[in-house]
Amino acid sequence: MNTKLLTQNDIAEAAAILKNGGLVGIPTETVYGLGANGLDPEAVGRIFAAKGRPQDNPLILHVPSADWLSRWCVDVPDRAYRLAERFWPGPLTMILRRGPEVPDVVTAGLDTVGMRCPDHPVTRAIIQAAGVPVAAPSGNTSGRPSPTTAAHMLEDMDGKIDAIVDGGPCAVGVESAIVDLTVDPPRLLRPGGVTLEQLREVLGQVEVDAAVVRPMGAGERPRAPGMKYRHYAPRAPVTVVTGEPENSAAYIAAHANEGDGVICFDEFAGGFPGKSVERLGPAQDKGEQARRVFDALRAFDSTAVPAIWAQCPDPVGIGLAVANRLNKAAGFHIVEA
Ligand code: AMP
Ligand code: MG
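A brief look at the structure comes next. (Residues numbered from 1 in each chain as written. Chains lettered and ligands numbered in written order. Predicted model: local features only at pLDDT ≥ 70, side-chain atom pairs only at ≥ 80, totals over all residues. Heavy atoms only, no water.)

Some points on the overall build of the protein
Our working rule: Going along the chain from the N terminus, every DSSP run of H or I of four or more residues is numbered as a helix, and every run of E of two or more is numbered as a strand. The quantity called the radius of gyration is restricted to C-alpha atoms. Its globule counterpart is 2.2 Å times the number of residues to the power 0.38. Exposure is judged per residue with a 1.4 Å probe applied to protein chains only, and the accessible area is read against the type maximum: over 50% gives exposed, under 20% gives buried, and values in between give partly exposed. Reported accessibility uses the Shrake-Rupley method at a 1.4 Å probe radius. Residues are deemed covered only where the shown protein chains occlude them. When charges are counted, neither His nor the chain ends are considered; positive counts come from Lys and Arg and negative counts from Asp and Glu. To locate a charge, take atom NZ for lysine, CZ for arginine, CG for aspartate or CD for glutamate.
Scanning the protein from terminus to terminus reveals 12 helices and 17 strands. Taken over the C-alpha trace, the protein has a radius of gyration of 19 Å; the compact-globule value for 337 residues is 20 Å, and the two agree within 12%. Along the first, second and third principal axes, the C-alpha atoms of the protein reach 55 × 50 × 35 Å. Residue burial in the protein is summarised as follows: out of 337 residues, 59% are buried. For the protein, the exposed area adds up to about 13000 Å²; of that, 49% sits on carbon and sulfur atoms. Across the protein, the 32 positively charged side chains and the 40 negatively charged ones have centroids separated by 3 Å.

Next up, the structure:
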């Protein structure tokens with residue numbers, strides 16, 4: 001298959017591909033998504049094939065506005081609309097009770113469905129034009145870092161999907177926060193662009209699922225089925241180093257071998273001679289770190305570094321999402337400096 005590169009002006013063409021059961025890479029503010037008509041089980045099945053994604057890992061349905069919630073979900077609680085009012089369009093996915101028309105293949109047979117309204121005007125226009133909710137996971141091959149540019153998505157998906165719409169680099173850089181609203185108190189299943197602190201402002205109490213901060217044990221069934229997979233894994237093993245930036249930099253300088261990869265805050269980039277360095281952004285700029293984290297991990301995949309060491313921000317604000325992505329890439333191999 002020839003994967004066509006579309007521009008932001010090709011909204012009608014992208015919508016037509018989706019309506020005809022095809023696969024389209026769509027730009028969002030978080031990461032690039034791999035979209036299909038969310039009501040067409042065969043089309044959705046092609047997403048799993050193109051990514052090599054396990055069938056038991058459900059997909060998120062993307063809608064252009066909160067009025068679509070009642071079409072595809074039942075018993076939508078008032079707090080869902082309050083969250084939508086404050087954070088949509090934006091990097092927040094809500095887990096809600098699934099309506100009868102949502103195919104099993106989207107939800108992996110669960111009685112809940114993840115719903116999100118992305119903050120990218122081109123993608124919302126494509127979904128409006130297609131007239132169907134668009135099922136989309138991140139546009140990477142399963143087990144690789146999520147793509148934050150059309151070029152990165154093409155690296156993984158060239159020849160496997162119908163088209164990619166180039167909507168520019170992603171503004172947030174990590175996937176949406178996922179909050180489960182079918183339990184009390186609501187539970188954060190994945191930290192993301194909307195922060196835990198922001199969710200608590202609207203919802204009051206929010207629990208953080210154990211899978212966010214530690215690896216799942218054998219036989220444990222995570223609430224977010226995707227959490228049990230080692231996502232975002234570069235080819236080389238990763239060690240995450242926490243603590244004050246000066247301390248983590250010193251720890252890495254003392255322990256990394258010649259030729260290793262280092263992901264560090266900009267201020268420390270000169271401190272690792274003989275190592276292959278990727279910058280994460282300034283130590284105090286967690287937004288920039290979120291935008292850079294997947295690109296930094298992905299950069300090492302085309303090198304032969306035997307090991308990767310990463311400085312890590314404290315888990316406050318969007319730092320929780322950055323730390324979570326680094327920790328998952330490291331299989332939660334974390335040392336405190
Ligand atoms: P991706 O966008 O590739 O990160 O994949 C979507 C994420 O949403 C995965 O981690 C899924 O496990 C999660 N997800 C989707 N639907 C549900 C659901 N109904 N309940 C819990 N988690 C979900
Ligand atoms: Mg993903």
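Resuming the write-up.
Brief notes about the environment of P315
With respect to the element layout, P315 can be found in the loop between β16 (308–311) and α12 (319–329). A residue is classified by how much of its surface remains accessible, and P315, at 53% relative accessible area, is exposed. Between the C-alpha atoms of P315 and T242, which are 73 residues apart in sequence, the distance is 9.9 Å.

Brief notes about empty space enclosed by the protein
Worth spelling out the cut-off: Using a 1 Å grid laid over the protein atoms alone, points where a 1.4 Å probe fits but cannot get out form a cavity; open sets with protein on both sides within 12 Å along at least 5 of 7 lines form a pocket; any residue with an atom within 4 Å of a point counts as lining. Grid points are joined across faces, edges and corners, and a volume is the space filled by probe spheres set on the points.
Overall, the coordinates contain one cavity of 30 Å³ or more when judged by the stated rule. Taken as a whole, the largest cavity spans an internal volume of roughly 30 Å³. Around the largest cavity, the lining residues are P191, G192, V194, T195, L196, G317, I318, L320 and A321.

Focus on the pattern of salt bridges
Using the following cut-off: Salt bridges are identified by distance alone: a Lys or Arg side-chain nitrogen within 4 Å of an Asp or Glu carboxyl oxygen.
Counted by the stated rule, this structure contains 19 salt bridges. Between R298 and D156 there is a salt bridge, with its nearest N and O atoms 3.1 Å apart. On the criterion of sequence distance, the pair formed by R298 in helix α11 (residues 286–301) and D156 in helix α7 (residues 150–157) is long-range, its members being 142 residues apart. The class of R298 is buried, set by a relative accessible area of 4%.

Some points on helix α8 (residues 196–203)
For clarity, the threshold we go by: The arc in question is traced by the directions running from the helix axis to the C-beta atoms. Whether two residues are in contact is decided by their heavy atoms, any of which lying within 4.5 Å being enough.
Restricting attention to buried positions, one finds in α8 the residues L196, L199, V202 and L203. End-on view of α8: buried residues confined to an arc of 125 degrees, all on one side of the axis. For α8, the elements touching its buried residues are α4 (78–87), β6 (92–98), β10 (177–180), β11 (187–190), β12 (207–208) and α12.

Focus: the packing of aromatic side chains
So the rule is basically this: Ring pairs are drawn from Phe, Tyr and Trp, using the six-membered ring of Trp, whenever the two centres fall within 6.5 Å, and their geometry is named by plane angle: stacked under 30 degrees, edge-to-face over 60, tilted for the rest. Charge over a ring is defined by NZ of Lys or CZ of Arg lying within 6 Å of the ring centre and within 35 degrees of the ring normal.
Evaluated as defined, the whole model comprises zero aromatic pairs. Note that R71 overlies the ring of W68, its terminal NZ or CZ placed 4.3 Å from the centroid.

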